[in-house]
Amino acid sequence: MNAPLRNDSATPVTDRVQRRTQVVAELSAVLPKHALLWHTEDTIPYECDGLTAYRQQPLVVALPETEAQVAAVLRTCHRLDVPVVPRGAGTGLSGGALPHRRGVTLSLAKFNKILSLDPHARTARVQCGVRNLAISEAAAPHRLYYAPDPSSQIACTIGGNVAENSGGVHCLKYGLTLHNVLRVKGFLADGEAVDIGSESLDAPGLDLLTVLVGSEGMLAVVTEVTVKLIPMPQEARCIMASFNDIRHAGDAVANVIAAGIIPAGLEMMDKPMTAAVESYVHAGYDLDAAAILLCESDGTPEEVDEEIARMVDVLRSSGANGIQVSENEAQRLKFWSGRKNAFPASGRISPDYMCMDSTIPRKRLADILIAIAQMEKKYGLRCVNVFHAGDGNLHPLILYDANDADQLRRCEQFGADILETSVALGGTVTGEHGVGVEKLMSMCVQFSANEREQMLGVKHAFDPKELLNPGKVIPTLARCAEGGKMHVHRGLLPFADIPRF
């Protein structure tokens, strides 16, 4: 048995080459040649996820095709003390799939099969690389679908959704990934197989499913997921409400929930975002409004009629100066097409953007928008805003040019300011995009040293060597002491040695 790889007196470049040579040799014994990449031109596509500001080429990329190969890769890396970064479709927005320069990126792209679909039990058993939308497409003939619908659902995978506990525009009524997953199978860092959760109402022992979902690839490598399917509603209609004051729009969100109404979707966009989206998809948005709300109702026709009428009353009494209700399915989808295309629309008006992801109490929506407007002046950058307003999940998109190092620096500070302000308003530093490397230092703002140590304790219970996605999500005591409130003090990067573009 070979000894773990060690950092000797060789130069960094020589050491990296030697390390790669040994890792490739060891992995070649458990993977076919075509499932292993290590040449620079082959690994460049894996250098980042959707957070393109931070990039790092992996030492090696492994593309296993069977669960036995996944286990073998993990056992080999565990024996050699080589870090492993699991990767799905790479659509994440917090750097969760950012490679480790001395580690293996474990791509699970080939695990893309729907293994079974039971319309009677209303479940689907799928491999981790199955696209989110593909589950609903497969279930559609049975008048069923998978509820969590991130905007990237056409590309993102269910394994990535489990890692980040993804939501979507309908998560207010139907829940996040956690609420729609019954069981996951996969492997620990040492290659041990795990089967967590159950297809019955409860599972024996501790509820580890709630620990694993949202753990960002730090605890286990998920290879198979069993999800819930729900019946398609008989009818769905959407309200587009316009407001000439953002505070009225924010108050309307809180008022709808306070009235005992749980819409299927409740989304908010500010004026700059509405303008960007309308020029892209022509959804019919009110361009004069300071903010618009999209409020959807679904169910039986009778339920929808009643709920739409109640929401219209609440919105009008909250200050809506324009209300339009979709008259048919095509118009409803048109309303939503704007919200679903907010990110690509933003890419048309700026060379680059950084999408933040924090959560605040619904009643503070107007406060955070006003604060962000002040930050735009402070940092000299524009920001367009879209919200999962119903659950207070913000997605401010800070616009900048990555070719300008100073703009990137200010963008990082702007983002950290938004996160810290969200905490000050009673919220959290993340909602559904995860911490990754992007929010690493902001974890120091929200969580005490003792709380972070408890998180690390959970990590150590699953992965004592800290080989799975190391250095992410949970900042060390030393890193927090060094950086503190990063936007106030130094604007420190999560990883000082990560190249920025």
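Summary of the structure given here.

Turning our eyes to something else, we now look at the overall build of the protein chain. When you go through the protein chain residue by residue, the secondary structure sums to 17 helices and 19 strands. In summary, the protein chain has a C-alpha radius of gyration of 23 Å against a globular reference of 23 Å for 501 residues, a match within 12%. If one aligns the C-alpha atoms of the protein chain with their principal axes, the spans along those axes are about 70 × 55 × 40 Å. Buried positions account for 55% of the 501 residues belonging to the protein chain. Sequence separation of 24 or more characterises 72% of the internal contacts of the protein chain that already satisfy a separation of 6 or more. Carbon and sulfur atoms make up 53% of the accessible area of the protein chain, which totals about 20,200 Å².

The next point concerns the sheet that holds strand β5 (residues 114–118). Spatially, the five strands line up as an open sheet ordered β5-β6-β10-β8-β9, and their pairing is antiparallel. Strands with a single pairing partner mark the edges of an open sheet, and in this sheet they are β5 and β9 (193–197). Neighbouring strand axes in the sheet, compared pairwise and without regard to direction, differ in orientation by 10 degrees on average. Sheet topology places strand β8 (residues 181–187) next to strand β10 (residues 221–228); six bridges connect them, and they run antiparallel. Residue pairing for β10: V184 is matched across the bridge by V225. Where helix α3 (residues 67–80) meets the sheet, it contacts β8 and β10, and its direction lies at approximately 140 degrees from that of β10. Packing of helix α4 (residues 132–139) onto the sheet brings it into contact with β5, β6 (123–127) and β10, and relative to β5 it is tilted by some 45 degrees.

What follows deals with the state of the cysteines. If you walk through the whole model with that rule in mind, you get zero disulfides. The closest cysteine sulfur to the non-disulfide-bonded C48 is located on C411, 15 Å from its own sulfur.

Bringing the pattern of salt bridges into the picture now. If you walk through the whole model with that rule in mind, you get 23 salt bridges. With a shortest N-O distance of 4.0 Å, K439 and D357 are connected by a salt bridge. Taken together, the residues span a long stretch of sequence, with K439 in the loop between α14 (405–424) and α15 (443–446) and D357 in the loop between β16 (352–355) and β17 (358–359) at a distance of 82 residues. Here the two residues K439 and D357 agree in accessibility, since each one is buried. By sharing partners, the salt bridges in this structure join R183, D195 and E199 into a single network.

Our focus in this paragraph is the layout of surface pockets. Volume-wise, the second largest pocket comes out at about 570 Å³. The wall of the second largest pocket is formed by 25 residues, among which V213, G214, S215, E216 and V473 lie closest to the centre. Looking at the lining of the second largest pocket, the elements with two or more residues in it are α7 (209–212), α15 and α16 (449–462). Grouping the amino acids of the lining of the second largest pocket by side-chain chemistry returns 13 nonpolar, nine polar and three charged.

Attention now moves to the sheet that holds strand β4 (residues 104–107). Read from one edge to the other, the open sheet built from four strands follows the order β1-β2-β4-β3, with strand pairing classed as mixed. The sheet is open, and its two edges are formed by β1 (36–37) and β3 (84–87), each paired on a single side. In this sheet, strand β2 (residues 60–62) lies alongside β1 in antiparallel orientation, the contact comprising two bridges. Its bridge partner lying in β2, L37 is registered against V61. Most of the contacts of helix α1 (residues 12–27) go to β2, to which it runs at about 15 degrees, and overall it touches β1, β2 and β4. Across the sheet, α3 is in contact with β2, β3 and β4; its angle to β4 comes to roughly 165 degrees.

Residues L206, L208, V211 and V458 make up a contiguous nonpolar surface patch of roughly 330 Å² in combined accessible area. Of note, V458 is situated in helix α16. Looking at V458, the relative accessible area reads 37%, which means it is partly exposed.

The subject of this paragraph is the pairing of β3. Each regular strand displays side chains that alternate between the two surfaces of the sheet. With burial as the criterion, each face of β3 is covered, one bearing V84 and P86 and the other bearing V85 and R87. Strand direction decides the pairing type here: β3 and β4, joined by four bridges, are parallel. Bridging across to β4, P86 finds its partner in L106.

As a further point, take helix α13 (residues 365–379). Between its first and last C-alpha, α13 extends 21 Å over 15 residues, near the 21 Å set by a 1.5 Å rise per residue. Every buried residue belonging to α13 is among L365, A366, I368, L369, A371, I372, M375 and Y379, and all of these are buried. Turning to α13, the residues buried within the fold contact α8 (246–258), β13 (265–270), β18 (383–388), β19 (393–400) and α14. Downstream of α13 by one or two residues, G380 has phi in the positive range, about 65 degrees.

How each quantity is defined
- Residues numbered from 1 in each chain as written.
- Predicted model: local features only at pLDDT ≥ 70, side-chain atom pairs only at ≥ 80, totals over all residues.
- Heavy atoms only, no water.
- Helix = DSSP H or I, 4+ residues; strand = E, 2+ residues; numbered from the N terminus.
- Rg over C-alpha atoms; globule rule 2.2 N^0.38 Å.
- Buried < 20%, exposed > 50% of the residue type's maximum accessible area, 1.4 Å probe, protein only.
- Contact = heavy atoms within 4.5 Å.
- Areas by Shrake-Rupley, 256 points an atom, 1.4 Å probe, with all protein chains shown as cover.
- Pairing = 2+ DSSP bridges.
- Axes fitted to C-alpha atoms, helices over the stretch in contact; angles between N-to-C directions.
- Disulfide = S-S within 2.5 Å.
- Salt bridge = Lys/Arg side-chain N within 4 Å of Asp/Glu carboxyl O.
- 1 Å grid on protein atoms, 1.4 Å probe; cavity = no way out; pocket = protein on both sides within 12 Å on 5 of 7 lines; lining within 4 Å.
- Points joined across faces, edges and corners; volume = space filled by probe spheres on them.
- Nonpolar A, V, L, I, M, F, W, Y, C, P; charged D, E, K, R; others polar.
- Patch = residues over 30% accessible without salt bridge, like charges linked within 9 Å, V, L, I, M, F, W, Y side chains within 5 Å.
- Expected span 1.5 Å × (residues − 1).

By themselves, these figures tell us nothing about what the structure is for.
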